[in-house]
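Below, each chain spelled out in residue letters.
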Amino acid sequence: MSARVATLCRDRQAPARVALLGTGTVGSAAWARLARWQGTPLGERLRLVHAANSRFALADPDGIAGLSGDVLLQNPPQQAALEAVDVALAGVGTRIVIDATASGQVAERHAHWLACGIHVVTACKLGQGTSLAHWKAIQAAKRAGDTEYGDSATVGAGLPLLHVIRRLQAGGDRIHSIAGVLSGSLAWLFNAYDGLRPFSGFVRQARAAGYTEPDPREDLSGEDVRRKLLILARASGYLLESEAVQVEPLLPPELFALPRDAVDAALPVLDAPLRERYATAYKNCEKLRFVGRLQNGGLATVGLEALPADHPLVGGGGADNRVAIWSDRYAEQPLVVQGPGAGAEVTAAALLDDALAIQAARARD
């Protein structure tokens, strides 16, 4: 074996060097998981060498997984910058960025890293769930850099939705339709809402429990579901523009225009319309669910639907996501995937699952 080949093999067998971006609930859970793995076989496969939040960054080529994410705030060593990731991951071997942010600025950097030979694993939907041009740029960058884009955590907090869709297609199946309860917060709201108490009270309760964003308009607008549906549609071969998804938000137009600190007082405007829709559904023995739907031909819609009690999307509980997939293989009775659609631990686990899969694949090459 030549010295060059031996060096290449050694580089591939070495732990993947990882940069973690975002130290909020999901990023902190991922960091803690890496710390627990130290001294185990899994810990030998991923080495955290860079971590950053929106203000500060920490880097050490020997690894920082054993430290708490709080160290960034306790003793910030340097100003954070996205360019610092390139420096921390310079060199050879398997290099992975884990994006645990919700930052559009970070998502804009995904294609750059991929083209430079750095793999990207992300929970952020702004990479593949916005414009089609952005999605295409990521696909082109993957090819140019011979890299992988781990996106399991972008839809369903790591439920194997994208994995299932891609495996079906790899086996020659064609996806015809997808319908899903894709928002954990909206799943909780319509599992809990009883048509008797004000809907606005359930929104406040969901926000207090951490199911919604601090500004619940981000959930009630349907934009989060639009992005998730676009990711699923594009993975299924339907290259839709973002504007092709017709969204019926739960919010009336006047709520969109309010400043954030005025939203809470205005939430009762939702109560009467939702009570009326609940009453109509109840009379017809139906359940309200907020659904993202891709139909034959690429027609895509997002909005509140009244579904029969035996519909595949009626079931589960709490913040569970529930997604039905119709294909050549599952033409009459859909394949249904259900499970937790939100949560720091499951999302962090999905991020690291993708990172481990990339490391394993590169070690075998």
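Calculation notes
Residues numbered from 1 in each chain as written. Predicted model: local features only at pLDDT ≥ 70, side-chain atom pairs only at ≥ 80, totals over all residues. Heavy atoms only, no water. Helix = DSSP H or I, 4+ residues; strand = E, 2+ residues; numbered from the N terminus. Rg over C-alpha atoms; globule rule 2.2 N^0.38 Å. Buried < 20%, exposed > 50% of the residue type's maximum accessible area, 1.4 Å probe, protein only. Phe/Tyr/Trp six-rings, centres within 6.5 Å; stacked < 30°, edge-to-face > 60°. Pairing = 2+ DSSP bridges. Polar contact = N/O pair within 3.5 Å; in protein donor to acceptor, adjacent residues only side chain to side chain. Contact = heavy atoms within 4.5 Å.

Undergrad: Help me understand the overall build of the chain, please; the structure alone is not making it clear to me.
TA: For the chain, the count of helices and strands is 16 helices and 13 strands. Taking 21 Å as the expected radius of gyration for a compact globule of 365 residues, we find that the chain reaches 22 Å, a close match to that expectation. Projected onto the principal axes, the alpha-carbon positions of the chain cover approximately 75 × 50 × 35 Å. By the burial criterion, 50% of the 365 residues in the chain qualify as buried.

Undergrad: Just to check I follow, could you spell out the packing of aromatic side chains for this structure?
TA: Aromatic ring pairs are defined here through the distance separating the ring centres and the angle between the ring planes. For the structure on display, the rule yields 6 aromatic pairs. Their ring planes at 85° and their centres at 5.7 Å tell us that Tyr193 and Phe202 sit as a pair that is edge-to-face. According to the relative accessible area criterion, Tyr193 is buried, its value standing at 5%. With a relative accessible area of 4%, Phe202 lands in the buried category. Considering the side-chain rings of Tyr278 and Tyr282, the 6.3 Å spacing of their centres and the 15° angle between planes classify their relative orientation as stacked.

Undergrad: What should I look at first to understand the pairing of strand β10 (residues 286-294) in this one?
TA: A regular strand places its side chains on the two faces of the sheet in alternate fashion. Counting buried positions over the 9 residues of β10 gives 7, a clear majority of the element. Examined bridge by bridge, strand β8 (residues 175-181) and β10 share 3 bridges and lie antiparallel to one another. Note that in β10 the partner of Ala179 across the bridge is Arg293. Sheet topology places β10 next to strand β11 (residues 300-308); 9 bridges connect them, and they run antiparallel. By the bridge assignment for β11, Arg293 is matched with Thr301. From the end of β10 to the start of β11, which pair antiparallel, there are 5 residues, and Gly297 there has a positive phi angle of about 90°.

Undergrad: Is there a simple way to think about unusual backbone geometry in this case?
TA: With glycine set apart, most residues show a phi of negative sign, and most peptide bonds adopt trans. In this structure, Asp146 is a non-glycine residue whose phi angle is positive, near 50°. Residue position: Asp146 is located in the loop between α7 (132-145) and β7 (149-150). Residue class for Asp146 comes out exposed when judged on its relative accessible area of 54%. Positive phi values are uncommon outside glycine, yet Ala157 reaches one of about 50°. One can find Ala157 in the loop between β7 and α8 (161-170). Judged by its relative accessible area of 9%, Ala157 falls in the buried class.

Undergrad: Explain the side chain of Thr154 to me, please; I cannot follow it from the model alone.
TA: With respect to the helices and strands, Thr154 occurs in the loop between β7 and α8. Side-chain polar atoms of Thr154 contact the backbone oxygen of Asp151, separated by 2.7 Å. In this structure Thr154 touches Thr122, Ala123, Cys124, Lys125, Leu162, Lys228 and Ile231, once residues within four positions along its chain are discounted.

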